[in-house]
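Notes for the structure review
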Amino acid sequence: MAAIEQTQYLENEAFAQGMFALKAAAQKLSEPRFFIRTFGCQQNVSDSERIAGILIECGYKRCEEPAQADLILFNTCAVREHAEDRVFGNVGELKKYKRENPSLIIAVGGCMVQQQHIAEKLQKSYPYVDLIFNTNRLDLLPGEIAQCAETRGALIAPKSDRYSIVEDLPIRRDEGFRAHIPIMFGCDNFCTYCIVPYVRGRERSRSSADVVEEFKNAVAQGYKDIMLLGQNVNSYGKGLAEQINFAALLERLNDVEGDFTIRFMTSHPKDATKELFDTIARCKKISRQIHLPVQSGSNRILREMNRGYTREEYLALIDYARSVIDGVSFTSDIIVGFPGETEQDYNDTVDLVRHVGFRSLFTFIYSKREGTRAAVMPDFTDHKTKAQRLNALVAIQDEITERQESEYVGKTFRMLVVSKLADGKFEARMDDNSAITVEGDCQLNAFHNVTVTERTKKRLYGKVV
Ligand code: SAH
Ligand code: SF4
Ligand code: F3S
């Protein structure tokens, strides 16, 4: 196992020197500006918030148009082929900006370029990319950008063989009502379809003191919706010197003074325990909506995916959670068309979806990822059949969602008002995270009781009581 190091800002010499060099480089520009584009999941959003924090501390301002930038950064995702194609397309479009402004620095980082073959392809086919950076080592980023500014030569950050946790990086959260707080990084599960463990490295948890401190800061800054992040939050605490697990961390965060909702993503069913659900039942600041990705309803496919649980075990978890947590709801991720998935396997998934009655689903067609175990599994199903399966599943879930939301009408719920709309109404988020348009006397970024008055095909509507 790779060494885990905890790096502190002031003790981190490479970071301190990098910041010094980047501040000096920024001073040479009249109005240094950066543009950042984030692909992929919340983990990337969170990394981009730290990248923005670093750059703003060095004197850069964020801009919304790549044409105005001195520094363009892409933070990429590798989870499906489609995600990678989009990045290649977008990187291709940057060429024109480089032509217009040769001193522009183009930096591409994140999960996609943490694969060797992609880094090589970028270097070969997109020579105007100046820097390929590693989001597992954001402490090295300022020095790398400064070096690009100095030498104007392409630079590929070395692939990190040491997976560190870098604490105390500056952070500039995206405008919005939600604060993302990573509690652990990496993944050790190696689901056979998934690239994440290869690009994000081994699991490592932040100390509870660091998490609690960032959490308290977010609460003090006024965030009322706080999302804890990790590829498998249920393995939080493994490998730490302190004795702590995810349930205990949740308990501690729930005890923080203030009015807020705690969410988390993602909870792997194989490590979800009764203790976790008992804790949620006790802790009133934790959202009653739980994301518990099942991926498939077929035991054979679950085994091939290396998910580590059976359909029956998954359903037993749902039953247990429902027996202890009032008003709990579930969302899930599903992959259709995994190699070797038969009509029967797919029907097992449909059956499970109907049986559980998810609040919503994220559905994906299996995408082959080079280097994963599933990539070499025989796959006889054509894309058209897979697409049909996906569409049918989406239609089934739409019906379920419609049924659930229709039952909301006439009932009153506590929800967070998150923004003002152009027509004077407001947008709010229910505890289950659904968006709703709200009318009446309400304050932004505050919880209000709202009666749901209507549901159309697209949206829920409500009135403040
Ligand atoms: N750690 C999380 C998932 C992170 S990836 C978990 O275990 O639940 C988010 C979702 O992308 C996964 O849940 C899965 O449904 C989907 N996904 C991952 N790899 C995929 C692939 N190769 N093809 C299609 N979907 C994939
Ligand atoms: Fe990928 Fe599985 Fe890890 Fe989730 S738990 S990131 S799906 S390997
Ligand atoms: Fe994509 Fe990396 Fe997240 S592969 S889904 S950005 S962890």
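Residues numbered from 1 in each chain as written. Chains lettered and ligands numbered in written order. Predicted model: local features only at pLDDT ≥ 70, side-chain atom pairs only at ≥ 80, totals over all residues. Heavy atoms only, no water.

1. Looking at the overall build of the protein chain
Scanning the protein chain for helices and strands turns up 14 helices and 21 strands. In summary, the protein chain has a C-alpha radius of gyration of 23 Å against a globular reference of 23 Å for 465 residues, a match within 12%. Structurally, the protein chain occupies a C-alpha span of about 60 × 60 × 50 Å along its principal axes. Considering only contacts within the protein chain whose residues lie at least 6 apart along the sequence, 75% involve residues at least 24 apart. Surface summary for the protein chain: the accessible area is close to 20900 Å², and the carbon and sulfur share equals 49%. Both charge centroids of the protein chain, one from 61 positive and one from 65 negative side chains, sit 2 Å from each other. (Helix = DSSP H or I, 4+ residues; strand = E, 2+ residues; numbered from the N terminus. Rg over C-alpha atoms; globule rule 2.2 N^0.38 Å. Contact = heavy atoms within 4.5 Å. Areas by Shrake-Rupley, 256 points an atom, 1.4 Å probe, with all protein chains shown as cover. Lys, Arg positive; Asp, Glu negative; His and termini not counted. Charge placed at Lys NZ, Arg CZ, Asp CG, Glu CD.)

2. Some words on the packing of helix α8 (residues 208-220) against helix α9 (residues 246-254)
At their nearest, the axes of α8 and α9 sit 11 Å apart, and the two run at 35 degrees to each other. As for how α8 packs across α9, the hand of that crossing is right-handed. Residues S208, V211, V212 and F215 of α8 form the contact with α9, whose participating residues are L249, R252 and L253. Counted by class, the contact of α8 with α9 contains five nonpolar, one polar and one charged residues. (Axes fitted to C-alpha atoms, helices over the stretch in contact; angles between N-to-C directions. Left-handed = near helix turned anticlockwise from the far one by under 90°. Nonpolar A, V, L, I, M, F, W, Y, C, P; charged D, E, K, R; others polar.)

3. A word on the site of ligand 1
Contacts to ligand 1 come from 15 residues, most closely from Y193, Q231, Q295, D333 and S367. Contacts to ligand 1 include Q231, whose backbone N or O atom sits 2.8 Å from a nitrogen atom. Burial of ligand 1 by the surrounding chains reaches 90%, relative to a free accessible area of 540 Å². Of all the elements in the fold, those that place two or more residues in the shell around ligand 1 are β15 (329-336) and β16 (360-365). (Near = heavy atom within 4 Å. Polar contact = N/O pair within 3.5 Å; in protein donor to acceptor, adjacent residues only side chain to side chain.)

4. Quick word on the site of ligand 3
Neighbouring ligand 3 are C41, N44, C77, A78, V79, C111, R200 and Q231. Residue composition of the shell around ligand 3, grouped by class: five nonpolar, two polar and one charged.

5. Observations regarding the state of the cysteines
In total, this model carries zero disulfides according to the counting rule given. Free cysteine: C63, not disulfide-bonded; nearest cysteine sulfur from C58 at 16 Å. (Disulfide = S-S within 2.5 Å.)

6. Section: the packing of aromatic side chains
Evaluated as defined, the whole model comprises 10 aromatic pairs. In this structure an aromatic cluster arises from ring pairing among F88, Y126 and Y128. Between R414 and the ring centre of F447, over which it is positioned, the NZ or CZ distance is 4.1 Å. (Phe/Tyr/Trp six-rings, centres within 6.5 Å; stacked < 30°, edge-to-face > 60°. Lys NZ or Arg CZ within 6 Å of the ring centre and 35° of its normal.)

7. Re the domain arrangement of the protein chain
Interface size is often expressed as the accessible area that is lost when the parts come together. Entries for the protein chain in the domain assignment read domain 1 (4-151), domain 2 (173-406) and domain 3 (412-464). Computed from C-alpha atoms alone, the centre-to-centre distance between domain 1 and domain 2 is 29 Å. Between domain 1 and domain 2 lies a buried interface of about 2100 Å² when both sides are counted; carbon and sulfur atoms form 45% of it. For the domain 1 face of the interface with domain 2, the top three residues by lost area are Q42, Q43 and E49, together amounting to 30%. When the shortest N-O distance is used, the salt bridge between E214 and R50 registers 2.7 Å. Linking domain 1 to domain 2 there are 11 residue pairs in polar contact (both at pLDDT 80 or more). Counting residues per element, the ones that place at least two in the side of domain 1 that touches domain 2 are β1 (4-7), α2 (42-57) and α3 (81-93). (Domains from an automatic or database assignment. Buried area = accessible area lost by both parts, 1.4 Å probe. Salt bridge = Lys/Arg side-chain N within 4 Å of Asp/Glu carboxyl O.)

8. A look at the environment of T135
Within the fold, T135 resides in the loop between β6 (131-133) and α6 (141-151). Separated by 88 residues in sequence, T135 and D47 have C-alpha atoms that sit 7.0 Å apart. Not counting residues up to four positions away in its chain, the partners in contact with T135 are D47, N75, G110, Q114 and R200.

9. Considering the sheet that holds strand β18 (residues 426-430)
The five strands are arranged β17-β18-β19-β21-β20 in a closed barrel whose pairing can be described as mixed. With strand direction ignored, the average angle separating the axes of adjacent strands in the sheet is 50 degrees. Across four bridges, the pairing between strand β19 (residues 435-439) and strand β21 (residues 460-464) is parallel. By the bridge assignment for β21, V438 is matched with G462. (Pairing = 2+ DSSP bridges.)

10. Some remarks on the environment of G357
Its place among the elements puts G357 in the loop between α13 (343-356) and β16. G357 sits 28 residues away from S329 along the chain, and the two C-alpha atoms are 8.6 Å apart. Residues contacting G357, with those up to four places away along its chain left out, are R322, I400 and Q404.

11. As for α2
Note on helix geometry: an α-helix contains 3.6 residues per turn, so any two residues three or four positions apart are oriented the same way. Compared with the 22 Å implied by 1.5 Å per residue over 16 residues, the 23 Å span of α2 between its first and last C-alpha is a close match. In terms of burial, α2 is a largely internal element, 12 of the 16 residues being buried. Looking at the residues trailing α2, positive phi occurs at G59, about 105 degrees. (Expected span 1.5 Å × (residues − 1). Buried < 20%, exposed > 50% of the residue type's maximum accessible area, 1.4 Å probe, protein only.)

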